[in-house]
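What follows is each chain in one-letter form.
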Amino acid sequence: MKGNKLFTFFVILVYVFLCVPLLIIITTAFDSGNIMSFPPKGFSLQWFGKAFHSETFMTTLGISFKVAVLATFIAMIIGIPAAYALSRKNYRGKAVMQSIFLSPIIVPGVVLGFAFFRFLTIKLQLDVFTSLLIGHVIIVIPYIIRVVGSSLENLDFSIEDAAVSLGATKLKAFFLVILPNVTSGVIAAFMLAFINSFNNVPVSLFLTGPGVSTLPISMLSYVEYNYDPTISALSVILMVMTVLIMFVVEKTLGIKNFAK
Amino acid sequence: MKNKSIYLLLIPGLIVIIFFLFAPILMTTLPTFMGENGITVSRYMDFFKDDYFMSILTRTLRIGLITTIICVLLGVPVSFYVAKSNPKIKGLLLAAAIFPLLTDSVVRSFAWMTILGKNGIINTLLVSAHILQEPQKFLYTESAIIVGSVYLFLPLMIISMVGVMDSIDDDLIEAAESLGANKFIAFIKIIFPLSVPGMIVGSVLVFTGTFTAYTTPQLLGGNKNTVLATLLYQKAMTLSDWTQASVLSTVMILITLAVMFGINKFASKLYERGV
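All of these numbers come straight from a predicted model, not from anything done at the bench.

Peer 1: Could you give an account of the overall build of chain B, with specific residues and numbers?
Peer 2: Scanning chain B from N- to C-terminus turns up 13 helices and two strands. Along the first, second and third principal axes, the C-alpha atoms of chain B reach 70 × 70 × 35 Å. A fraction of 73% describes how many contacts in chain B between residues 6 or more apart in sequence connect residues 24 or more apart.

In structure tokens:
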């Protein structure tokens, strides 16, 4: 199959399709021209300056960061014990429990957003930030369950029995024996949950309000009315973040296991 | 570990999910079936009779279907190539597929705005090469949404199929070739059928993803190419018509579930027949 030049050419074309759009964004971010153009007119960092001096983008970047970190932490506190329980041997209702914990993925994003808006913001009268945070906790729980769950499944639980038989309590065994053995899964889960919360549009769209918005939402509304490389510069900053996250995932979980 | 304590570990998560996910969803969907005289489906009858809604529903389904087909056609050969590459190249190709997947959808749609726009790259290139007299409208069309969606979801298709392709034994292909099949025939007759499970998982992800996507149709489709997700947002937040937004929510949930169960049923039928 390797020798087939046409086949290789086809694969290269598809990868060009996957890579070129983001490369174009990167080049426009460093453009010295006054408007969005390609090929760029020259090199400058003006658009980065503009992005960093925009109060809206910097505030919403901060909020996105805060929401993503907090939501991921809360989801881990709830999700890791659940993932542990779901990875143990069969018991009644295990399959049902599994689908309940993964169910946030099945519901369409905008529907989630709308339902959260009506329940959290309107019915419970929660403030914007709290609603946003709760919405994000729900959407990242499945990532925690799946990634931590899959590293727990590869774990030999007899080490836990050994710890218990040597006098450790169940709780102690969990924190001193189980958790250290799945650290890489926990780190990878954190990273994936973080990036998915950070990038979320459909849920945040309904849960942002006066003064409280996330970066993707403020970028979305900016793009709808403006067309200049400020967004490219912000995109480059986000891409650098993505690369760092991918690097951590590669070092912990291994990028190849991402597929599972 | 005793069962009791296992359930204890699940309880905090269960409470959170039931209270903050199931309750809001049921509060949104159930009232749409309530009329003055008990249960009614009249709101849905109205919905399916309305030409405007139907045109948006069929557009959304059409975009989802075309995107899924393109992703299968591009994704099957590419993921086979990725799976059979040597480890170094394989890692690189997987990373190149995962990177856009972890990049914000606003960024990815914005990239296509700069490519397809009136003063975008394609128009600039074609006009300066004298292929076009004047810039054409590529952006704000249904095709733009499809291109953007393929770009958005092809990585998902590739990633869900590489694992399946990995498990296909190289000897099978060699055997077919030594028995006289050429590479193309070997691919169609052996690789393709064996990769059906991955294709099904990938197709469900791509279809439901495209079907429910908001950002891409909003940025690349413009006002004229409304899809269910953008319509839902308009109804709920711009027009404050919560009843219709709830009807739309229910329709979207039901279609998503129907597609997931439908395709999986179809898949298990295929296995029974031993394909």
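Following the structure, the description resumes.
Peer 1: Describe the overall build of chain A, and please don't skip the residues or the numbers.
Peer 2: The number of helices and strands found in chain A is twelve helices and zero strands. Sequence-ordered secondary structure for chain A, helices as α and strands as β, is α-α-α-α-α-α-α-α-α-α-α-α. C-alpha atoms of chain A, sized along the principal axes, occupy 70 × 65 × 30 Å. Scored against the burial criterion, the 260 residues of chain A give a buried share of 45%.

Peer 1: Residue-level account of the environment of Phe110 of chain B, with values.
Peer 2: Structurally, the position occupied by Phe110 of chain B is in helix 5 (residues 105–116). Here the alpha-carbon distance between Phe110 of chain B and Asp241 of chain B, two residues 131 residues apart in the chain, equals 29 Å. For Phe110 of chain B, the residues in contact, after removing those within four places along its chain, are Val223, Ile231 and Ser235 of chain A together with Leu219 of chain B.

Peer 1: Any details on the interface of chain A and chain B? Residues and values, ideally.
Peer 2: Listed per partner, the contact involves 66 residues of chain A and 66 residues of chain B. Per element, the largest residue contribution to the side of chain A that touches chain B is 13 residues, and it comes from helix 1 (residues 5–29) of chain A. Per-class residue counts for the side of chain A that touches chain B are 54 nonpolar, eight polar and four charged.

Peer 1: Which residues make up the nonpolar core, and what values do they have?
Peer 2: Ile144, Val148 and Ala189 of chain A together with Leu232 of chain B are the most contacted members of the largest nonpolar core, which totals 151 residues. By residue number, the principal contributor to this core is helix 7 (residues 142–166) of chain B, which donates 16 residues. Setting aside chain neighbours within four positions, we find Ala189 of chain A in contact with Tyr143, Ile144, Val147 and Val148 of chain A.

Peer 1: Now, about the confidence of the model for chain B: what can you tell me, with residues and values included?
Peer 2: Of all residues in chain B, 97% attain a pLDDT of 70 or more, and the chain-wide mean is 89. Quick note on the complex model: pTM equals 0.92, ipTM equals 0.91.

Peer 1: Can you tell me about unusual backbone geometry, naming the residues and giving the values?
Peer 2: A positive phi angle, near 55°, is found at Gln125 of chain A, a position not held by glycine. Relative to the assigned elements, Gln125 of chain A resides in the loop between helix 5 (109–123) and helix 6 (128–153). One non-glycine residue, His130 of chain B, lies in the positive phi region at around 60°. You can see His130 of chain B is positioned in the loop between helix 6 (121–128) and helix 7.

Peer 1: Now, about the environment of Ala111 of chain B: what can you tell me, with residues and values included?
Peer 2: Considering the arrangement of structural elements, one finds Ala111 of chain B in helix 5. Judged by the 25 C-beta atoms lying within 10 Å of it, Ala111 of chain B falls in the buried class. For the pair Ala111 of chain B and Gly148 of chain B, spaced 37 residues apart in sequence, the C-alpha to C-alpha distance is 9.2 Å. The residues contacting Ala111 of chain B, other than those within four sequence positions of it, are Pro21, Leu22, Ile24 and Ile25 of chain A.

Peer 1: Before we move on, could you go through the environment of Pro81 of chain A and cite the residues and values that matter?
Peer 2: The topology assignment puts Pro81 of chain A in helix 3 (residues 55–87). Each C-alpha atom, one on Pro81 of chain A and one on Gly149 of chain A, is 9.9 Å from the other, the two residues being 68 residues apart in sequence.

Rules of the game
- Numbers given for residues are sequential positions, taken from 1 along each chain in its written order.
- Each chain takes a letter, starting from A, and each ligand takes a number, starting from 1, following the order in which they are written.
- pLDDT decides what is reported in this predicted model: residues at 70 or higher carry local features, side-chain atom pairs at 80 or more are listed and counted, and totals for whole chains, interfaces and linings draw on all residues regardless.
- Counting from the N terminus, the helices are the DSSP runs of H or I reaching at least four residues and the strands are the DSSP runs of E reaching at least two.
- Here, residue contact means that the backbone-derived C-beta atoms of the two residues sit within 7 Å.
- Exposure is read from a count of other C-beta atoms within 10 Å of each residue's own; the residue is exposed at 12 or fewer, buried at 20 or more and partly exposed in between. C-beta atoms are placed from the backbone.
- Asp, Glu, Lys and Arg are counted as charged, while Ala, Val, Leu, Ile, Met, Phe, Trp, Tyr, Cys and Pro are counted as nonpolar; the rest, among them Gly, fall into the polar class.
- Any nonpolar core is a set of buried residues, restricted to Ala, Val, Leu, Ile, Met, Phe, Trp, Tyr and Cys, that join up through C-beta atoms within 7 Å.
- A score from 0 to 100, pLDDT tells how confident the predictor is in each residue.

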